[in-house]
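Observations on the three-dimensional arrangement
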Amino acid sequence: MAEERIYFLGIGGTLMGNLAILAKQAGYEVSGSDQKIYPPMSDLLAAAQIPVEEGFERTHLNPPPDVVVIGNANLPRGAESLEFVLDEDIPYMSGAEWLGRNVLAGRHVFAVAGTHGKTTTTGMLTWILESAGKQPGFLVGGAPLNFEASARLGSSKYFVVEADEYDTSYFDRQAKFMHYRPRTLLINNIEFDHADIYTDLGAIQFQFHHLIRTVPRSGRIIAPWGMRAVDEVLEQGIWTPISFTSVDPTNKELEASKNVDFWHAKTITEDGSSFDLFHNRRKIGSLEWQHYGQHNVSNALQSIAAAREAGVSIREALDALASFDGVKRRMEVIATRAGLTVYDDFAHHPTAILTTLQGLRNRVGLEHILAVVEPRSHTMQMGTHREPLTTCCSPADDVIWFKGDNVDMDLDTLAENNIVPSEVMDDLGELVDKICEPADQRRHVVLMSNGGFGGIYEMVRERLL
């Protein structure tokens, strides 16, 4: 092989860590470094026996590797290891470029894109293909519970990849997914996010349309029906057959969809834990499963429609989803005791917060819901989502906004303007006490953060288990 020793700068990131795992599986000698590495990625790298060093010291790169893969987080010009790579003229590339060149080239790539829902949908589609005997490769931006790892080379032509619209590296400002060249493209949704690199929704839509331009006419695009931000992208031109999906469409929407390939679900239970499946307005199956929320039903529709492109039958797809265990940090139950259930959810966007809490509300009825939110994403920090954050927790009874070390925004004003009774806390120990205090009614606590949340998950487990 051209490169025998690969060093990953920024290995703790979801993409970079998974790429390191794939490289190790491919037979490369792999190592890397990062500032801080949190579970689940730290656990996955350890399980793959990949050496990891803390910090970005130039001594980490002695002797120089054959190639350095550079991530896009916490790695500015001036970092010693990065400057060493440039000074010594060591070959380097972005993670997305390495993936496209060394893993995805020549394969049938299923790319799962969208503002939110990517990780769960990628996990669903991968499990469907695996259950149908397709032996796919995959890269999931989290830890899928049906697999021992979040990335695998696979032994067939199929590869499922979570396709992120964030930029690739400090030297490559296009969206990561532009390196993936999908044959089957899933677009879950498009909303404004990543305000640190995109000026507005139009800038994100521009990247998505460039992605659409890479899909061959022999492939397929799967998109939500009637989502304006997606429609605006499609109206710029498509050259590929397209399938649309919808959950509980109105009669008017069903009538309007007669001239397109249309998949829809009709929920049987309010929480979405069972639904009927339709293709072109004809019922073709039903599913009762352990998941809930309209967002998960939508994810399932996209996965079922996509799996057909690999020859998977409807029965095979539904049977697989019935045994789909989910993904870590997506409403994962981390502790229960005496009527209290605590969940861990990877929350990064107001819409995701709203749909997740609404799904829980539909499932638990009038039982008490406490949302504990650490609003640490770049876009939240910049104030772009200030108004949606005042309403996104509406399905909850109470909200605690936690001001951790990574939060630099006016949470007091946010709490005052919130439509749900809110308070601000900044002491982790006191927060754990409040979460775990006895209650005289059934209570659900949802911990919502896209980071390590100061280790609160382990603290709550120790207190309650």
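The structure displayed is predicted, hence computed values, not measured ones.

1. Some details on unusual backbone geometry
For the peptide bond that leads from Asn-62 to Pro-63, omega is -5°, which places it in the cis range. Relative to the assigned elements, Pro-63 resides in the loop between β3 (52–54) and β4 (67–70). You will see that Asp-248, though not glycine, has its phi angle at about 50°, which is positive. Note that Asp-248 resides in the loop between β14 (242–247) and α8 (251–256). Looking at Asp-248, the relative accessible area reads 30%, which means it is partly exposed. We note that Ala-338 has phi near 45°; this positive angle belongs to a residue other than glycine. Considering the arrangement of structural elements, one finds Ala-338 in the loop between β18 (332–337) and β19 (340–345).

2. Let's talk about the side chain of Asp-276
With respect to the helices and strands, the residue Asp-276 is situated in strand β16 (residues 274–279). Look at Asp-276 and you get buried, because its relative accessible area is 14%. Of note is the side chain of Asp-276, whose polar atom sits 2.6 Å from the side chain of Ser-286. Residue contacts for Asp-276: discarding those within four places in its chain leaves His-264, Ala-265, Lys-266, Ile-268, Lys-283, Gly-285 and Ser-286.

3. Points about the sheet that holds strand β1 (residues 5–9)
Taken in spatial order, the five strands make up an open sheet running β3-β2-β1-β4-β5, and their pairing is parallel. Two strands in the sheet have a free side with no partner beyond their single neighbour: β3 and β5 (92–94). The mean angle between the axes of side-by-side strands here comes to 20°, regardless of whether they run parallel or antiparallel. The pairing of β1 with β4 spans four bridges and is classified as parallel. Opposite Tyr-7, over in β4, you have Val-68 as the bridge partner. Against the sheet, helix α3 (residues 80–87) engages β1, β4 and β5, with an angle of about 135° to β1. Helix α4 (residues 95–104) contacts β1, β4 and β5 of the sheet and is inclined by roughly 95° relative to β5.

4. Description of the packing of helix α1 (residues 14–25) against α4
Orientation of α1 relative to α4, taken along the N-to-C sense of each, is 30°, at an axis distance of 10 Å. Between α1 and α4, the crossing angle belongs to the class labelled roughly parallel. Relative to α4, α1 is oriented so that their crossing is left-handed. Contact residues: Leu-15, Met-16, Leu-19, Leu-22 and Ala-23 in α1; Gly-95, Ala-96, Trp-98, Leu-99 and Val-103 in α4.

5. Here's the deal with the pattern of salt bridges
Summed over all chains, the structure comprises 23 salt bridges. Among the salt bridges present, the one from Glu-165 reaches Lys-118, with a minimum N-O distance of 3.9 Å. One end of the pair, Glu-165, is in the loop between β9 (158–162) and β10 (167–169); the other, Lys-118, is in helix α5 (residues 118–131), and 47 residues separate them in sequence. One exposure class covers both Glu-165 and Lys-118, and it is buried. One salt bridge in this structure joins Lys-176 and Asp-164, with 3.4 Å as the shortest N-O distance. Here Lys-176, found in the loop between β11 (172–175) and β12 (184–187), pairs with Asp-164, found in the loop between β9 and β10; they are 12 residues apart in sequence, far enough to count as distant. Here the residues in one salt-bridge network are Arg-228, Glu-232 and Glu-235, joined through shared partners.

Thresholds, definitions, all that
Residue positions within a chain follow its written sequence, with the count starting from 1. pLDDT decides what is reported in this predicted model: residues at 70 or higher carry local features, side-chain atom pairs at 80 or more are listed and counted, and totals for whole chains, interfaces and linings draw on all residues regardless. Neither water nor hydrogens contribute to the side-chain values; these are computed over all heavy atoms in the structure. Where helices and strands are cited, they refer to DSSP runs of H or I of at least four residues and of E of at least two residues respectively, numbered from the N terminus. Three exposure classes are used, based on accessible area relative to the maximum for each residue type with a 1.4 Å probe and protein chains only: buried under 20%, partly exposed in between, and exposed over 50%. Polar contacts, as counted here, are pairs of nitrogen or oxygen atoms within 3.5 Å of one another; within protein the pair requires one atom able to donate a hydrogen and one able to accept it, and residues that are adjacent in sequence qualify only if both atoms are side-chain atoms. Note on definitions: a residue-residue contact is assigned when non-hydrogen atoms from the two residues lie within 4.5 Å. Whether two strands pair comes down to DSSP finding at least two bridges between them. Only C-alpha atoms enter the line fits that serve as axes; for helices the fit covers just the stretch in contact. Angles between N-to-C directions range over 0 to 180 degrees. If an angle is under 35 degrees, it is roughly parallel; if it is over 145, roughly antiparallel; if it lies from 65 to 115, roughly perpendicular; otherwise it is oblique. In a left-handed crossing the near helix is turned counterclockwise from the far helix by less than a right angle, and in a right-handed crossing that turn is clockwise. A side-chain nitrogen of Lys or Arg and a carboxyl oxygen of Asp or Glu constitute a salt bridge if their distance falls within 4 Å.

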